[in-house]
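Results of the structural survey
Here is what each chain is made of, one letter per residue.
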Amino acid sequence: RFLYSDEVQIGPETVMTTLYTAKKYAVPALEAHCVDFLTKHLRADNAFMLLTQARLFDEPQLASLCLDTIDKSTMDAISAEGFTDIDIDTLCAVLERDTLSIRESRLF
């Protein structure tokens, strides 16, 4: 529908598949809608999951916002359910940062 009318209905359940499809078929306007949706719904409890997806879909701006959120609310982010599901590269990217708001001993 988006290709014909520029109307999009994105929800939490469909945003990732929609972003994947937009990337696959090179529809930058739809990609932008998806990234905007994800940016608006970014919170500490979903920051790691969104960071993983942002890295997977090569969305550096979204990844940067996720990292900022993780920096500001590190304890909430690592306490979130999705934290244990992140990939090793994402974990390493976060652990390399000096801006996390948590003591290293507590983090480890």
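Residues numbered from 1 in each chain as written. Predicted model: local features only at pLDDT ≥ 70, side-chain atom pairs only at ≥ 80, totals over all residues. Heavy atoms only, no water.

1. Quick notes on the environment of Thr 52
One can find Thr 52 in helix 4 (residues 47–56). Sequence spacing of Thr 52 and Leu 107 is 55 residues, and the spatial spacing of their C-alpha atoms is 19 Å. If near-sequence neighbours (up to four positions away) are discounted, Thr 52 is found in contact with Ile 86, Asp 87 and Thr 90. (Helix = DSSP H or I, 4+ residues; strand = E, 2+ residues; numbered from the N terminus. Contact = heavy atoms within 4.5 Å.)

2. Some points on the environment of Val 94
The topology assignment puts Val 94 in helix 7 (residues 88–95). When its relative accessible area of 3% is taken as the criterion, Val 94 is described as buried. Val 94 sits 51 residues away from Arg 43 along the chain, and the two C-alpha atoms are 16 Å apart. Those residues in contact with Val 94 that lie beyond four places of it in its chain are Phe 48, Leu 51, Leu 67, Ile 70 and Leu 100. (Buried < 20%, exposed > 50% of the residue type's maximum accessible area, 1.4 Å probe, protein only.)

3. Remarks on the UniProt feature "domain: BTB" (unreviewed entry) in the protein
Per the UniProt record, "domain: BTB" (unreviewed entry) is annotated on residues 1–41. Helix makes up 66% of residues 1–41 and strand 0%, with an end-to-end C-alpha separation of 23 Å. (UniProt positions renumbered as here; feature names shortened; annotations may be inferred.)

4. Some details on helix 3 (residues 28–40)
Note: α-helices contain 3.6 residues per turn, so residues at a spacing of three or four share the same orientation. The terminal C-alpha atoms of helix 3 lie 18 Å apart, and with 13 residues this matches the ideal 18 Å at 1.5 Å per residue to within 8%. Taken residue by residue, helix 3 has Leu 30, Glu 31, Cys 34, Val 35, Phe 37 and Leu 38 as its buried positions. On an axial view of helix 3, the arc spanned by its buried residues comes to 155°, and they lie on one face. Of the residues in helix 3, the exposed ones pointing more than 90 degrees away from the buried face are Pro 28 and Lys 40. Summarising the contacts, the buried residues of helix 3 are in contact with helix 1 (2–5), helix 2 (15–24), helix 4 and helix 5 (60–72). (Expected span 1.5 Å × (residues − 1). Arc of directions from axis to C-beta.)

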